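Below are the chains, spelled out letter by letter.
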Amino acid sequence: MFKTFKRLLHFASPFKMRIVWSILWGFMTIASGIGLMATSAWLISKAGLQPSIADLGASVVAVRFFGVFRGVFRYMERLVSHDVTFRMLANIRVWFYTHLEPLAPARLLQLRSGDLFGRIVSDVETLQNLYTRVIAPPIIALAIVILMGIFFAAIDFRVMITGLAFILFGVTILPLMAWWQGRQFGPPLVKTRGELNATLTDSIQGLADALAFGYEDAQYENLARINRQYRTQEDRMARHDSLQVGLGVLLVNLASVAVLWVAIPRVEGILLGMVALTMIAAFEAFTPLALTANHFAENIEAANRLFEIVDIPPAVTHPEKSQETPQKGRLQLNNVRFWYDENARPALDGITLTIEPNEHIAIVGTSGAGKSSLINVLLRFWEYQEGTIQLDGVDLKQLALQEIHHFFAVMSQRTHLFNTSIGDNIRIAKDSATDDEVRYVAQLAQIDDFIQQLPNGYDTFVGELGAKLSGGERQRVALARMLLKDAPFFIFDEATANLDAVTEKMIVNAILDVTQTRTMVFITHRLTLLEKMDRIIVLDEGRIVEIGTHQALINKQGLYAIMAQHSLDVLHLMGAVG
Amino acid sequence: MDKRLFAEAQNARGAFRLTLFLSMLNAISILLQAFFLSRIITLIFLGEQTLEDVTIYFYALLAVVLSRALINGFNEYVVSQISILVKEELRHRLIKHLMKLGPAYVKNERSGELVLTATEGIEALDAYFKNYIPGLFTAVLVPLTILFVVFPTDIVTFIILLLTAPLIPFFMALIGMAAGRVARSNYLAMGRMSAHFMDVLQGLTTLKLFNRSHLQIKTIARITDDFRDTTMQVLRIAFISSFALEIIATLSVAIVAVEIGMRLLAGTILFEQALFLLVIAPDYYLPLRALGTKFHAGTEGAASAERIFDILDTPLPDMSDAVLPLPTKLTVTFEAVTMIYESDTRAALDGVSFTLNQGERIAIVGASGSGKTTIANLLLRFSTPTEGYIRVADVDLQKLDVKAWREKIAWVSQTPYIFNASLMDNIRLGNPNATHEAVEQVAKLVKAHDFIMAMPEGYNTIVGERGSRLSGGQAQRIAIARAFLKNAPIILLDEATSNLDYGTEAEVEGALNILLENRTALIIAHRLNTAFKADRILVMDKGVLVEQGTHTHLMAKGGIYRKLVESFGSMTYV
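A. Quick look at the overall build of chain A. Each helix and strand in chain A was counted, giving 20 helices and 10 strands. At 35 Å, chain A has a C-alpha radius of gyration far larger than the 25 Å of a compact globule built from 578 residues. Seen through its C-alpha atoms, chain A measures out along the principal axes to roughly 120 × 60 × 50 Å. Considering only residue pairs separated by 6 or more positions, chain A has 76% of its internal contacts joining residues 24 or more positions apart. Carbon and sulfur atoms make up 56% of the accessible area of chain A, which totals about 24100 Å². One way to put it: in chain A the 51 positive side-chain charges average out to a point 8 Å from where the 57 negative ones average out.

Listed below in structure tokens is the structure:
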């Protein structure tokens, strides 16, 4: 836990000076509050003795001074502390992203949670409280303790002891109680809240299924049960919270009574008011500490979760810069073996293959045959264990990741579009693309017409906040993107799997039209115009079992012929073929 | 808006009254504490008494201090209770209402947003009831009580207190309104910034493929920095307001102190009274200042509540006459059914008529958006036709008992929902009374048994929201298993095998054929190879039923269907 905290502190270290200033202002704010009460009490007590006005002059000024300057100090403190907080937040995001980036996608797939990213965002936001709620309060409290110690010591030793005793109680015991209570009741409450939220999500997003299966009453009962459970736990938490509050109030006021009691026989009457009132005022610094314990715990948990992700070693290491840049070269795989997990069957089991520039290749096979693994390994998302892969004679492992991604363009089954305009989504491929270039590729991808009839054309936002594109439309945008990238090697990984027949045909035709002079690899389990492919590679259990043209493979009467035959039979029956 | 949330709390009426009473007591105890304190000090300082003489006042003081602690602690508990009860109640009502509104409403609104309202939105009410409301009560009761006591004690102080106090809420409101608008747009900006961060994380692979992932680092830094800049500008306004409030409070105390001091000098006020006023003054302003910080908890809670009540106010469809029992013959007829969804201008279905006879197998084909899923929704009574009728035998579907009707349909949807429960229970959705063996049998039929057994706890593995994620193909097989278990006379398949790869699809098709035997079936299909074996095929185009007939008949006709099949056919399937 403290190790995590040390790491956390690194986020704050670039802002040391600002933090120091902020703490200083915070201290001055509370000290002014104490000063205000001290000087006011002094003023009144002195006035009670009915001296001349002149005697009071200084105290009047002092009172007014504290009255005004407390506000000033508070303003300064707020300004600087928020500034620090936001800067820290920026730092944390950048740091996290920088460390996450090399882990994608391989390592992220291993992490189970569906709402991984939601959690990350909220954890990062929790950390922004690190300064204001965890670091600052104890330091300010300590400074005030010292101030009060000195102040009381100047008045009377026993008074100081009494005061410090109460303060110490407030600074240690109460926060510790809060901490303990947090540990006791926090986790089960969080867990139940998680279940409650899951049940609420189920009730809302699973409503159609629930209604269709007559499950709605049972679901409602389920919810009622968890709701009750949650209430019971909240109730328990509330009881202890109330105890905390009560003790807090007791401590402050009792402290003031106690120091008064101790002071009376030992201290001049004129100082009594000061003693009692400053004691109360000082607690402004200590009461927040009860919450500090809980915020500390929250921060540590959030940090642990983030560090857990960041500490994962990346799946692949690669050099910063390549020695050579591959041109439009040949791809050579030599006896490549790859497994995701040591204990599992190899996903690729001795692949030897050469793809010449401008070849059009299809890779087929059932799921688990190794098609996607091949792509993962080519793109260096995963590291293959044995064999070599060479691009124009250069080993893939010698190339920088940028080079490799520059060389390949990929369209996969589900295209991610960013919450920005369609135009910008396409422009991801080439930042400096002109509007004409964007339109050109969109036309090639047969999506230009569709975009033109949107309310804002290319400036229309997509995603959550904007237009909802159908599967076919998304894939066409993805195609436009690929074309803008203009890479020599195109890979289509189940790119039309989710589309209906008509749309699929349109997209496939669009693709074939524009990829005459590129190397192309189609991965699919539903093929398109296999007859037009230069070669078809049939994978089974990580091995290449057949290679050849469509006709050659049909003649061979092997696995491919069997797979194709089944579909052809169906199509014959439909009267669709021949 | 506030009023309605208040009204919610009336449900915890007793607790509400109690907290009012306790706040009152708190105010009184504050006054008593100040009274005894000032008395003790006066007696010692000017009255020349000793500790023994004032011991009795110390006991009194002690009693007051203890009571104050008890009152505050207990009050905290009471307001927590209010919050807990209100939240629980609202959750119930919200879900019940959403369930009655049905999938049509839930799908139209972004279901994610609804989930957020039901979870975080309701939790946000916590701050409203635990911080804002008590803060409000205290901010009213304490100053009023103090004023009430100060008035007979000292007019001048009374006037100062009276005049300065309203300044605080006044300033709060003034700057609150100005800052409010800016804060709201800032709040949106913050939402957008988080959304951007999330977007980038989710699209990380895509960014990498386009060599843009590194650039994002700069973008994230820039966006967060910009946000800081604009937020700080907004906050400057907020800070000036708190500066003003702070100044009013502390300067007023200072003014009170000075003016009391002057009058003490002049001898126009007693020391004990002066000290009493000094002790009481900070307590006068404290609740008002505290309200400032709690105010935004109030607005957040109010905003959440607004959304919640929005939903609760949405009128429910009138199902009161849906009481008739089912006819014995389950023939379904669509009579010129037109369906226009609320937010759309185009009709999803336009004058569609067809009959589904018992035992028939009908396929519905057409491009996406042509109306296929709408038919399924209407059949499941998730929506009501805008025009036209749907009849079962001769009875209007809208008049039949909904639950009884849905019992007769087994639905495999395009995106089956996996509940946060075990795989066993997910499959048992079809029939809660099914035995373990029955479930296993069915799972084997749909080729799900193997992947289930490969999971850490087999059938008991928790899946869904807080469990393991199932792939699209796995979820579909679970859905088909549900349909099997349900054993209903009508089967509704919506793209039931779209997520399965060739091998699995072939295997599952065998199971589907068993399922469809001797039942009435409505099959919505993208893949024409599942559709063509149907007794009849309905071809939809932009909401209109354009062709109807057997496969052979439609092929001969040479219309839209034939074109669809030809596209399908020119792509060889392996």
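B. How the structure looks around the overall build of chain B. A tally of regular secondary structure across chain B gives 20 helices and 12 strands. Rg of the C-alpha trace for chain B: 35 Å, well past the compact-globule value of 25 Å for 574 residues, more than 25% over. Taken along its principal axes, the extent of the C-alpha atoms in chain B is 115 × 55 × 50 Å. For chain B, contacts bridging at least 24 residues in sequence account for 75% of all contacts bridging at least 6. About 23900 Å² of surface is accessible on chain B, with carbon and sulfur atoms providing 58% of the total. Separation of charge centres in chain B, based on 53 positive and 55 negative side chains, amounts to 4 Å.

C. Seen up close, the sheet that holds strand E1 (residues 331–338) of chain A. Residues and elements named next belong to chain A. If you walk across this open sheet you meet the four strands as E2-E1-E4-E5, and the pairing is antiparallel. On the outer flanks of this sheet lie strand E2 (348–355) and strand E5 (394–395), each paired with one strand and no other. In this sheet, strand E4 (residues 386–391) lies alongside E1 in antiparallel orientation, the contact comprising five bridges. Paired with Leu331 across the two strands is Leu391, which belongs to E4.

D. Seen up close, unusual backbone geometry. In this structure, Glu494 of chain A is a non-glycine residue whose phi angle is positive, near 55 degrees. Within the fold, Glu494 of chain A resides in the loop between strand E7 (489–493) and helix H18 (501–514). The exposure class of Glu494 of chain A is buried, given its relative accessible area of 11%. With a phi close to 60 degrees, Arg381 of chain B is a non-glycine residue in the positive phi region. Within the secondary structure, Arg381 of chain B is located in the loop between helix H11 (372–379) and strand E4 (387–392). Classification of Arg381 of chain B by relative accessible area gives buried; the value is 6%.

E. View of the packing of aromatic side chains. Scanning all chains against the criterion turns up 34 aromatic pairs over all chains. Relative to Phe96 of chain A, the ring of Trp95 of chain A lies with its centre 6.0 Å away and its plane at 55 degrees, an arrangement referred to as tilted. The exposure classification of Trp95 of chain A matches that of Phe96 of chain A, with both residues buried. Look at Tyr215 of chain A and Phe419 of chain B: their rings are 5.4 Å apart centre to centre, the planes differ by 70 degrees, and that puts the pair in the edge-to-face class.

F. Geometry of the interface of chain A and chain B. Facing 155 residues of chain A, the contacting portion of chain B comprises 145 residues. Linking chain A to chain B there are seven salt bridges. We note a salt bridge from Glu246 of chain B to Arg74 of chain A, for which the minimum N-O separation is 3.7 Å. Along the contact surface separating chain A from chain B lie 27 residue pairs in polar contact (both at pLDDT 80 or more).

G. Fine view of a nonpolar patch on the surface. All names here are of chain A. On the surface, a nonpolar cluster with roughly 410 Å² of combined accessible area is contributed by Met17, Val20, Trp21 and Leu24. Residue position: Trp21 is located in helix H2 (residues 16–48). Taking the relative accessible area as the measure of exposure, Trp21 reaches 43% and is therefore partly exposed.

H. Spotlight on the side chain of Thr519 of chain A. All names here are of chain A. With respect to the element layout, Thr519 can be found in strand E8 (residues 519–523). Classification of Thr519 by relative accessible area gives buried; the value is 3%. Apart from residues no more than four positions distant in its own chain, Thr519 is found in contact with Ile355, Glu356, Pro357, Asn358, Glu359, Pro488, Phe489 and Phe490.

I. Representation of the pattern of salt bridges. One pass over the full model with this rule turns up 42 salt bridges over all chains. What emerges from the salt-bridge pattern is a single network uniting Arg70, Arg74, Glu77 and Glu284 of chain A together with Glu246 and Arg289 of chain B.

J. Representation of helix H10 (residues 271–313) of chain B within the structure. Helix length check: H10 of chain B, at 43 residues, gives a terminal C-alpha distance of 60 Å against a target of 63 Å (1.5 Å per residue), a fit within 8%. Of all the bends found along H10 of chain B, the most pronounced is centred on Thr293 of chain B and spans about 40 degrees.

K. Expanded view of the environment of Ala238 of chain B. All names here are of chain B. The topology assignment puts Ala238 in helix H9 (residues 213–266). The class of Ala238 is partly exposed, set by a relative accessible area of 27%. Each C-alpha atom, one on Ala238 and one on Leu470, is 48 Å from the other, the two residues being 232 residues apart in sequence.

L. Molecular detail of the packing of helix H6 (residues 130–155) of chain A against helix H7 (residues 157–205) of chain A. All names here are of chain A. Contact geometry for H6 and H7: axes closest at 8 Å, N-to-C directions at 160 degrees. Taken together, the axis directions place H6 and H7 in an arrangement best described as roughly antiparallel. For H6 against H7, the interelement crossing comes out right-handed. Only Val159, Met160, Gly163, Leu164 and Ile167 of H7 make contact with H6, whose side of the interface consists of Val145, Met148, Gly149, Phe152 and Ala153. Across the contact of H6 with H7, the residue classes tally to eight nonpolar, two polar and no charged.

M. Up close: the pairing of E4 of chain B. Residue and element names in this part refer to chain B. The pairing of strand E1 (residues 332–339) with E4 spans five bridges and is antiparallel. By the bridge assignment for E4, Phe334 is matched with Ile390. Across two bridges, the pairing between E4 and strand E5 (residues 395–396) is antiparallel. The residue bridging Arg391 from the neighbouring strand is Asp396, located in E5.

N. The sheet that holds strand E2 (residues 349–356) of chain B, seen in detail. Residue and element names in this part refer to chain B. Strands sit in the order E2-E1-E4-E5 across an open sheet of four strands; the sheet is antiparallel. Both edges of this open sheet fall to E2 and E5, since each of them pairs with a single strand only. Judged from the five bridges that link them, E1 and E2 form a sheet pairing that is antiparallel. Across the sheet, the residue bridging to Val332 is Leu356, located in E2.

O. Spatial organisation of the nonpolar core. Core analysis: the biggest nonpolar cluster contains 341 residues, and Ile144, Ile426 and Phe492 of chain A have the highest contact counts within it. Element by element, the count of residues in this core is highest for helix H3 (residues 51–108) of chain B, at 19 residues. Apart from the residues lying within four places of it in its own chain, the contact partners of Ile426 of chain A are Val438, Val441, Ile451, Tyr458, Val477, Ala480, Arg481 and Leu484 of chain A. Counting 37 residues, the second-largest nonpolar core is a separate cluster that includes Ala410, Ala475, Ala511 and Leu516 of chain B.

P. Region of interest: the pairing of strand E3 (residues 361–365) of chain B. All names here are of chain B. The buried fraction of E3 amounts to four of the five residues, a majority that puts the element mostly inside the structure. Where E3 lies against strand E10 (residues 520–524), four bridges are found, and the strand directions are parallel. Bridge pairing in E10 links Ala363 to Ile523. Pairing analysis gives four bridges linking E3 to strand E11 (residues 536–541), with the strands arranged parallel. From the neighbouring strand, Ile364 faces E11, where its bridge partner is Leu538.

Q. Quick look at the packing of H7 of chain A against helix H4 (residues 111–123) of chain B. Their axes nearest at 9 Å, the elements H7 of chain A and H4 of chain B cross at an angle of 145 degrees. Once H7 of chain A is placed against H4 of chain B, the crossing between them reads as right-handed. In this structure, H7 of chain A uses Arg193, Asn197, Leu200, Thr201, Ile204 and Gln205 of chain A to contact H4 of chain B, whose residues at the interface are Ser111, Gly112, Leu114, Val115, Ala118, Thr119 and Glu123 of chain B. In the contact of H7 of chain A with H4 of chain B, the residues fall into five nonpolar, six polar and two charged.

What counts, and where the lines are drawn
Residues numbered from 1 in each chain as written. Chains lettered and ligands numbered in written order. Predicted model: local features only at pLDDT ≥ 70, side-chain atom pairs only at ≥ 80, totals over all residues. Heavy atoms only, no water. Helix = DSSP H or I, 4+ residues; strand = E, 2+ residues; numbered from the N terminus. Rg over C-alpha atoms; globule rule 2.2 N^0.38 Å. Contact = heavy atoms within 4.5 Å. Areas by Shrake-Rupley, 256 points an atom, 1.4 Å probe, with all protein chains shown as cover. Lys, Arg positive; Asp, Glu negative; His and termini not counted. Charge placed at Lys NZ, Arg CZ, Asp CG, Glu CD. Pairing = 2+ DSSP bridges. Buried < 20%, exposed > 50% of the residue type's maximum accessible area, 1.4 Å probe, protein only. Phe/Tyr/Trp six-rings, centres within 6.5 Å; stacked < 30°, edge-to-face > 60°. Salt bridge = Lys/Arg side-chain N within 4 Å of Asp/Glu carboxyl O. Polar contact = N/O pair within 3.5 Å; in protein donor to acceptor, adjacent residues only side chain to side chain. Patch = residues over 30% accessible without salt bridge, like charges linked within 9 Å, V, L, I, M, F, W, Y side chains within 5 Å. Expected span 1.5 Å × (residues − 1). Bend = angle between axes of the 7 residues up to and from the residue. Axes fitted to C-alpha atoms, helices over the stretch in contact; angles between N-to-C directions. Parallel < 35°, antiparallel > 145°, perpendicular 65-115°, else oblique. Left-handed = near helix turned anticlockwise from the far one by under 90°. Nonpolar A, V, L, I, M, F, W, Y, C, P; charged D, E, K, R; others polar. Core = buried A, V, L, I, M, F, W, Y, C linked by side-chain atoms within 4.5 Å.

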